[in-house]
Amino acid sequence: MTTRQDLISLARHTRDSASLFVQDIGNGLLVVSHNTLALVGLTVVSVLLVFTSQAGLREKLESATLGWLHARQEARAEAEGNTLMASAEPDAISRATATDPKELSRQQAAVAHWLARRYSVAPEPVSRLVQESWAVGQRAKVEPTLILAIIAIESRFNPFAQSAVGAQGLMQVMTRVHDEKYEAFGGTLAAFDPVTNLRVGVQVLKECIQRAGGLEEGLRYYVGAANLADDTGYAARVMAEHEMLKAVASGRVVPAGATARPLREAASAPSGESAQVALLR
């Protein structure tokens, strides 16, 4: 019996020792984990404080992270055959020359829709040009319908038009002659920005009218025919278009195909030294 009791006592003692050992390990791990969590929390707080106090560092990290995520998304899309994702530009819409016609006044909207039908162009970019014509025309004291009439006759609302003598853009401005006017817009390549070309063109038109002393004679200067015997009917066509646009703006119903007179193509401006001299005067 003594031996059995000794064995039982030894087993109990071993169990108690093992239990105490496990308990000590558990307590130690608990203390370590608490300390580790406290250290991690302190690290996180420190990092947050650094980032909140240094906006530049935070922005760089955010930019790097977003760039990495975007690159992975592009690679995945390209692997699936979607090549558009690699060239996507969410801010591209900011370069579009367009305005919702609903944002225009009733008068401007009527003109924009009429021009869109007449020249088979989208109403949104035309609406932006109509809006700009009203704003620039008011500043320059030039009728907006006259500006739009010149655009219609000169380029038919093609912002990339170029004549044989180098007149460029919507209003067919002689870019090399009026290059200094484009300096405020970043250079002569701005001639192909519709809004910039319109602004420069209106300034050139205003100077031509002031120089000639009248509207129709000013149009002859504008087209480069001041030194020529005939402007090939340019001023008459502009004025006819101008009158129709004024009628549309006043609320009258004018068919989009009305008075279909032959229009001078953008590339058929009077050429030669005379035209350039007229514009340089």
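Look a little higher up for the structure.
Residues numbered from 1 in each chain as written. Predicted model: local features only at pLDDT ≥ 70, side-chain atom pairs only at ≥ 80, totals over all residues. Heavy atoms only, no water.

Chemist: Would you mind going over the overall build of the protein with me for this structure?
Modeler: What the protein contains, in helices and strands, is 9 helices and 2 strands. When its helices and strands are written in sequence order, the protein yields α-α-α-α-α-β-β-α-α-α-α. Looking at the protein as a whole, 36% of its 281 residues qualify as buried. Across the protein, every contact between residues at least 6 apart in sequence was considered, and the portion connecting residues at least 24 apart equals 57%. Total accessible area on the protein stands at roughly 16700 Å², and carbon and sulfur atoms take up 58% of it. (Helix = DSSP H or I, 4+ residues; strand = E, 2+ residues; numbered from the N terminus. Buried < 20%, exposed > 50% of the residue type's maximum accessible area, 1.4 Å probe, protein only. Contact = heavy atoms within 4.5 Å. Areas by Shrake-Rupley, 256 points an atom, 1.4 Å probe, with all protein chains shown as cover.)

Chemist: Would you explain the side chain of Arg220 in this entry?
Modeler: In this fold, Arg220 is placed in helix H7 (residues 215-223). Its relative accessible area of 16% is what places Arg220 among the buried residues.

Chemist: Explain the pattern of salt bridges to me, please; I cannot follow it from the model alone.
Modeler: One pass over the structure, following the stated rule, counts 7 salt bridges. The residue Glu132 makes a salt bridge to Arg199 at a minimum N-O spacing of 2.6 Å. With Glu132 in helix H4 (residues 123-140) and Arg199 in helix H6 (residues 194-212), this residue pair connects regions lying 67 residues apart in the sequence. Residue Glu132 is classed as buried on the basis of its relative accessible area, which comes to 5%. Beyond isolated ion pairs, a larger network of salt bridges with shared partners links Arg128, Glu132 and Arg199. (Salt bridge = Lys/Arg side-chain N within 4 Å of Asp/Glu carboxyl O.)

Chemist: What is the right way to read H7 from this model?
Modeler: Because the α-helix completes a turn every 3.6 residues, residues three or four places apart line up on one side. Regarding H7, the residues found buried are Gly218, Leu219, Arg220, Tyr221, Tyr222 and Val223. Looking at the residues trailing H7, positive phi occurs at Gly224, about 85°.

Chemist: Before we go on, may I ask you to explain the nonpolar core in this structure?
Modeler: Nonpolar side chains in soluble globular proteins tend to be buried together. Grouped together as the largest cluster of nonpolar side chains are 52 residues, with contacts concentrated most on Val111, Leu115, Leu148, Ile150, Met171 and Tyr222. Looking at this core, the elements that each hand over two or more residues are helix H3 (106-119), H4, helix H5 (144-155), H6, H7 and helix H8 (234-249). (Core = buried A, V, L, I, M, F, W, Y, C linked by side-chain atoms within 4.5 Å.)

Chemist: Explain H8 to me, please; I cannot follow it from the model alone.
Modeler: For H8, with 16 residues, the first-to-last C-alpha span of 23 Å sits near the 22 Å given by 1.5 Å per residue. With 13 of its 16 residues buried, H8 lies for the most part within the structure. Of the residues one or two after H8, Gly251 is the one with positive phi, at around 105°. (Expected span 1.5 Å × (residues − 1).)

Chemist: Looking at this model, I keep getting lost on unusual backbone geometry. Mind explaining?
Modeler: Note: most residues except glycine have negative phi, and most peptide bonds are trans. Despite not being glycine, Gln172 shows a phi value in the positive range, around 50°. Note that Gln172 resides in the loop between strand S1 (167-168) and strand S2 (173-174). For Gln172, a relative accessible area of 6% translates into the label buried. You will see that Thr232, though not glycine, has its phi angle at about 55°, which is positive. Tracing the backbone shows Thr232 in the loop between H7 and H8. The partly exposed category is assigned to Thr232, whose relative accessible area is 47%.

Chemist: Which parts of the structure should I look at to understand the packing of H7 against H8?
Modeler: In the contact formed by H7 and H8, the axes pass within 9 Å of each other and the chain directions differ by 120°. Taken together, the axis directions place H7 and H8 in an arrangement best described as oblique. Judged by the twist between their axes, the crossing of H7 over H8 is right-handed. The residues of H8 that touch H7, namely those facing Leu215, Glu216, Leu219, Tyr222 and Val223, are Tyr234, Ala235, Val238 and Met239. Class assignment for the residues of the contact of H7 with H8 results in 8 nonpolar, no polar and 1 charged. (Axes fitted to C-alpha atoms, helices over the stretch in contact; angles between N-to-C directions. Parallel < 35°, antiparallel > 145°, perpendicular 65-115°, else oblique. Left-handed = near helix turned anticlockwise from the far one by under 90°. Nonpolar A, V, L, I, M, F, W, Y, C, P; charged D, E, K, R; others polar.)

Chemist: Sorry if this is basic, but what is going on with the environment of Tyr234 here?
Modeler: You can see Tyr234 is positioned in helix H8. Sequence spacing of Tyr234 and Val223 is 11 residues, and the spatial spacing of their C-alpha atoms is 7.6 Å. Side chain to side chain, Tyr234 and Glu154 meet in a polar contact 2.7 Å long. (Polar contact = N/O pair within 3.5 Å; in protein donor to acceptor, adjacent residues only side chain to side chain.)

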